[in-house]
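Per-entry structural report
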Amino acid sequence: MGNALPSSNLYSHPGKLLEDHLIEAANVAKLFFEEKSSDIFKLPILKDLVNLAVLCHDIGKATAFFQTYILASEENRKKLKVEQTHHGLLSAICGYFVVREFQVLREECDELIPLLVFMAIKKHHGDFKDIKEEIIISDREKAVLLEQVESIDKDKFDCLARHLQNNGIPISLNTHLLKTWVVEIREELRRHKKNVRQLKHDNDISYYFILNFIYSMLVDADKTSIVIKKKEQVLNRRIDFLSNRLVDNYKGSIDYPKNRINKLREMAYQEVLNTDVLLTRRILSLNLPTGMGKTMLSLSHALRLRYMLFKQKGKLYRVVYALPFLSIIEQNFSEFEKVLKYNRVKVDSNILLKHHHLSDGYYKQEDQEFEGNEAKILIEGWNSEVIVTTFVQFFHTLISCRNTTSRRFHRLSNAIIILDEVQAIPCKYWLVIGKMLSFLVDKLDSYIIFVTATEPIIFDKSLVFPLLDKRKYYQSLDRVVIEPKLDKSQTVAEFVATLNIVREKSYLFILNTINSAKQLYRLLKQMISEDIIFLSSHIIPKQRLERINKMRKKERKVAVTTQLVEAGVDIDFDIVYRDFAPMDSIAQSAGRCNRNWSNRGEVKVVLLKDDSGRSYASYIYDPILLDATKRFLTYEVPEADLYKVIETYYNELAEIKSSDESVDIINAVTGLKFDSYDSSVSIKDFKLIEEDYKKVDVFIELDENAEVIWKEYIRINCIDNLIERKNAFDLIKNEFYQYVISVHSRTMNIPPLVSGFYYVNRASLDDFYNLETGYILEDILSIW
């Protein structure tokens, strides 16, 4: 056994030697890389690039300035935090030249690769900006860099360098070399200016993907190595539920009623089951009418594909299931959990994980429970076999400039990605999302399953393999007929005057704005004696879920709601009235009508207007979508013909809808323009959900439980230590937000601001919150 190298006595964190941190982080990155296919990006040196980036990322902490800072008491550190203590730029320069030397040894010639490593290291504690700005080093920055290098203890640094060389750095580092690099770096970066300017003209998004992959591996390995104590145990993958029959077993345990709809559901299931799993088919579609069991079908096929990939490649592929609405995450997560538990799989967080902005700050693995920073790192890093998340989390990982979301970018490789309710993707982003996903499956060895009743044209049809023949299922169904009543617009009062509510039937009214929904609710209450359910985003989430469950159980026969129930929510009414909307929204609304095929349902599309004569639809939908829908919805559409109408509608949209916003984002991606210092479009401008107006969060103290939670929040808010305070809030966050709604910031009826939230206490509840219709807001037009 050889002699151990002496310690450098340089520290990266309190009590943590710099060489230990860099080597530990590099070893974590190697663990991450072992999960990946060897040929991703067709870049053989990628693993080495990641290793070099991680080994170099904190070398700038070797300066005397940083060492004085990190060894000081927490109280004194604030005074010592000066620009000379920053370590990102010096580390990035080191990474740049180390990779360049490595390229020379390996006879690799892509000049931009060292620059990508430079970017990844420089911003490993921050968010990416425009690469054109990132490669500029000012005179002041150069002066600080020289001060930093001069301050480094040469003997300690030589010792650190030996540790790093033993772990993959291809050259012997020393302070003289560092100083030479600091002097040369500006000229080096100047040479890249032409290449950088050319990037956006090359229409090549590969550099974006390579940069984000290296960056995410670095950031994830860095954070994981510092925060997670038992790394190997936590990062080990689970193969105990590797089977291609999990969903089959679960389905076989349920005694489904023998009826027409279940016969069709089983036919669809068997068709997918009997479809060969070919690993060359990267983009798959599961296009079925609503209520046909698409979610379970997609999980079944994903698990079969995962099983086959492991058998043939020896790699465990993660399943990432993403959907657009928080309202159905709990429902589908629960179904997945039932499947696993029935198959006697111990369902811990490392098997099945739920991640969205309101996720609990709690992660469990076997007998170990993680809270605070450890749980946050594991949850936000998607450390699980099956991840259930939202479109926002998924697409803002794929297209992002932010450290927190980009950190899990590498999880998109070797993944089976299920995109449920894919019609919710705005058509202005079809082009950019299609391009990004195509590159993802081609270069990062991943698979995509589109799940929808109304499949948009995101890819060229020749690239998409359908898992079944949708036509025969649509043509077999006769559950609903869509009846357009668009010849003239009506106010809500005029519309109510035309209604004939029959006691034996159930009715669902889906409106476009909260105000119009409230008007209708009040008028219906005067008209009928039935209890009516009201649902909108101005109802707190706790009540929302309770009301959706009542609708599911058919405990109420009349419901008035906004678009919250439009997709994915398993509710069933005899007659659905839908205020005018784009064709795909109308089709989704039809999925809440006669879902289980008990008779023939009716979906009546009406055109409602406000007192000024303007349609409510025009306030929230693109006029191009509305005009196209009007052209196609001129006659009654039986369910059997619905797929043809939707196909024609999407084909026309592909022709007439502008792709300018997609093109702008693609240009930003190819040009590595993550943020913009002027009015030009950058990656940061990609927003899956557009906010039309500024909102504020309001806590509604509805009941005793809310009182208890609010008191706990106030207690937590008094904790001085920011990290401890955030960790404590993470533990109650999910329950806390069950009482939070977002309202227009300009409404006159705003409660007092208390500790960061607008707060409605129980004593003032009547002034701000109606128990039936939610937040009292009459002066602003509200949607959803």
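Reference entry: report on the structure contained in this document.

Thresholds, definitions, all that
- Residues numbered from 1 in each chain as written.
- Predicted model: local features only at pLDDT ≥ 70, side-chain atom pairs only at ≥ 80, totals over all residues.
- Heavy atoms only, no water.
- Helix = DSSP H or I, 4+ residues; strand = E, 2+ residues; numbered from the N terminus.
- Rg over C-alpha atoms; globule rule 2.2 N^0.38 Å.
- Buried < 20%, exposed > 50% of the residue type's maximum accessible area, 1.4 Å probe, protein only.
- Contact = heavy atoms within 4.5 Å.
- Areas by Shrake-Rupley, 256 points an atom, 1.4 Å probe, with all protein chains shown as cover.
- Lys, Arg positive; Asp, Glu negative; His and termini not counted.
- Charge placed at Lys NZ, Arg CZ, Asp CG, Glu CD.
- Pairing = 2+ DSSP bridges.
- Phe/Tyr/Trp six-rings, centres within 6.5 Å; stacked < 30°, edge-to-face > 60°.
- Lys NZ or Arg CZ within 6 Å of the ring centre and 35° of its normal.
- Axes fitted to C-alpha atoms, helices over the stretch in contact; angles between N-to-C directions.
- Expected span 1.5 Å × (residues − 1).
- Arc of directions from axis to C-beta.
- Polar contact = N/O pair within 3.5 Å; in protein donor to acceptor, adjacent residues only side chain to side chain.
- Salt bridge = Lys/Arg side-chain N within 4 Å of Asp/Glu carboxyl O.
- Core = buried A, V, L, I, M, F, W, Y, C linked by side-chain atoms within 4.5 Å.
- Patch = residues over 30% accessible without salt bridge, like charges linked within 9 Å, V, L, I, M, F, W, Y side chains within 5 Å.

1. Quick look at the overall build of the chain
Each helix and strand in the chain was counted, giving 33 helices and 24 strands. Computed over C-alpha atoms, the radius of gyration of the chain comes to 28 Å, within 12% of the 28 Å expected from 2.2 N^0.38 for 784 residues, which places it in the range of a compact globule. If you line up the chain on its principal axes, its C-alpha atoms span 90 × 60 × 55 Å. Within the span of the chain, comprising 784 residues, buried residues form 58% of the whole. Restricting to contacts in the chain with at least 6 residues of sequence separation, those with at least 24 account for 78%. Of the accessible surface of the chain, which amounts to about 32,400 Å², a share of 49% is contributed by carbon and sulfur atoms. Distance between charge centroids for the chain: 2 Å, based on 108 positive and 110 negative side chains.

2. As for the sheet that holds strand β21 (residues 753-754)
Adjacent strands of a sheet form backbone hydrogen bonds with each other and so pair up, either parallel or antiparallel. Reading across from one edge, β20-β19-β22-β21 is the order of the four strands in this open sheet, with mixed pairing throughout. Two strands lie at the open edges of the sheet, namely β20 (740-744) and β21, each paired on one side alone. The pairing of β21 with strand β22 (residues 757-760) spans two bridges and is antiparallel. Residue pairing in the sheet places Leu753 in a bridge with Tyr758 of β22.

3. Points about helix α19 (residues 391-398)
With seven of eight residues buried, α19 lies mostly within the body of the structure. For α19, the set of buried residues is Phe391, Gln393, Phe394, Phe395, His396, Thr397 and Leu398.

4. Describing the packing of aromatic side chains
Applying the stated criterion across every chain yields a total of 45 aromatic pairs. Summarising the aromatic geometry, the rings of Phe97 and Trp181 are spaced 5.2 Å apart at their centres and angled 5° between planes, so their arrangement reads as stacked. Of this pair, Phe97 sits in helix α5 (residues 88-106) while Trp181 sits in helix α10 (residues 175-191), and the two are 84 residues apart along the sequence. Here the aromatic rings of Phe391 and Phe395 are separated by 5.5 Å at their centres, their planes lie at 85°, and the arrangement is edge-to-face. Pair noted here: Phe391 and Phe395 are both in helix α19, with a separation of four residues, about one helical turn. As far as the burial class goes, Phe391 and Phe395 line up, both buried. These aromatic residues form a ring-pair network of at least three members: Phe33, Phe41, Phe128, Tyr208, Phe209, Phe213, Tyr215, Phe409, Phe439 and Phe674. Sitting over the ring of Tyr269, Lys251 keeps its end group 4.2 Å from the ring centre. The ring of Tyr447 carries the charged tip of Arg282 above its face, separated from the ring centre by 4.4 Å.

5. A closer look at the sheet that holds strand β10 (residues 447-452)
The strand order across the open sheet built from seven strands is β5-β8-β4-β9-β10-β3-β11, with neighbouring strands paired in parallel fashion. For this open sheet the edge positions go to β5 (352-355) and β11 (464-466), each flanked by a neighbour on one side alone. On average, adjacent strands in this sheet sit at an angle of 20° to one another, irrespective of strand direction. Looking at chain direction, strand β3 (residues 283-287) and β10 are connected through five bridges and run parallel. When the bridges of β10 are listed, Asn287 appears paired with Thr452. Packing against the sheet, helix α17 (residues 329-342) makes contact with β4 (318-323), β5, β8 (386-390) and β9 (415-420), and its axis sits at approximately 175° to β5.

6. Some details on helix α31 (residues 704-717)
With 14 residues, α31 should cover 20 Å at 1.5 Å per step; its first-to-last C-alpha distance of 20 Å lies within 8% of that length. Looking at α31, one finds that the buried residues are Ala706, Ile709, Trp710, Tyr713 and Ile716. In a view along the axis of α31, the buried residues occupy a sector of 120°, so they form one face of it. The exposed residues of α31 that point more than 90 degrees off its buried face are Glu704, Val708 and Lys711. On the buried face of α31, the contacting elements are β19 (695-700), α32 (722-736), β21 and β22. Where α31 begins, the capping side chain belongs to Asp703, and its oxygen is found 3.2 Å from the backbone nitrogen of Asn705.

7. Examining the pattern of salt bridges
Under the criterion given, the structure shown has 49 salt bridges. For the salt bridge of Lys644 with Asp641, the shortest nitrogen-to-oxygen distance reads 3.5 Å. Of this pair, Lys644 and Asp641 both sit in helix α29 (residues 639-656), three residues apart, which is roughly one turn of that helix. Note that Asp730 is salt-bridged to Lys726, the shortest N-O span being 3.8 Å. Of the two residues, Asp730 and Lys726 both sit in helix α32, four residues apart, roughly one turn of that helix. Since its relative accessible area comes to 41%, Lys726 is described here as partly exposed. A cluster of three or more residues bridged by salt bridges with shared partners is formed by Glu35, Asp220, Arg318, Arg407 and Arg411.

8. Comments concerning the side chain of His301
With respect to the helices and strands, His301 occurs in helix α16 (residues 294-313). Look past the residues within four positions of His301 in its chain and what remains in contact with it is Val272, Val277, Leu284, Ile449 and Leu467.

9. Observations concerning the pairing of β10
For β10, the tally of buried residues reaches six of six residues, placing the bulk of the element in the interior. Two strands pair when backbone bridges link them, and β9 and β10 are joined in this way by five bridges, in the parallel orientation. Among the inter-strand pairings, Ile418 is bridged to a residue of β10, identified as Ile449.

10. Re the nonpolar core
Ranked by internal contacts, the top residues of the largest apolar core, which has 213 residues, are Leu173, Phe209, Phe395, Leu419 and Leu437. Here this core takes 12 residues from helix α12 (residues 206-227), the largest share from any one element. With 53 residues, the next largest nonpolar core counts Ile716, Tyr759, Val760 and Tyr769 among its residues.

11. A word on the pairing of β19
Sheet analysis places β19 next to β20, joined by five bridges and oriented antiparallel. Along β20, the bridge assignment pairs Asp697 with Ser742.

12. A word on a negative patch on the surface
Where like charges cluster on the molecular surface, the negative patch consists of Glu366, Asp367, Glu369 and Glu371. Looking at the secondary structure, you find Glu366 in the loop between β6 (362-365) and β7 (368-371). According to the relative accessible area criterion, Glu366 is partly exposed, its value standing at 39%.

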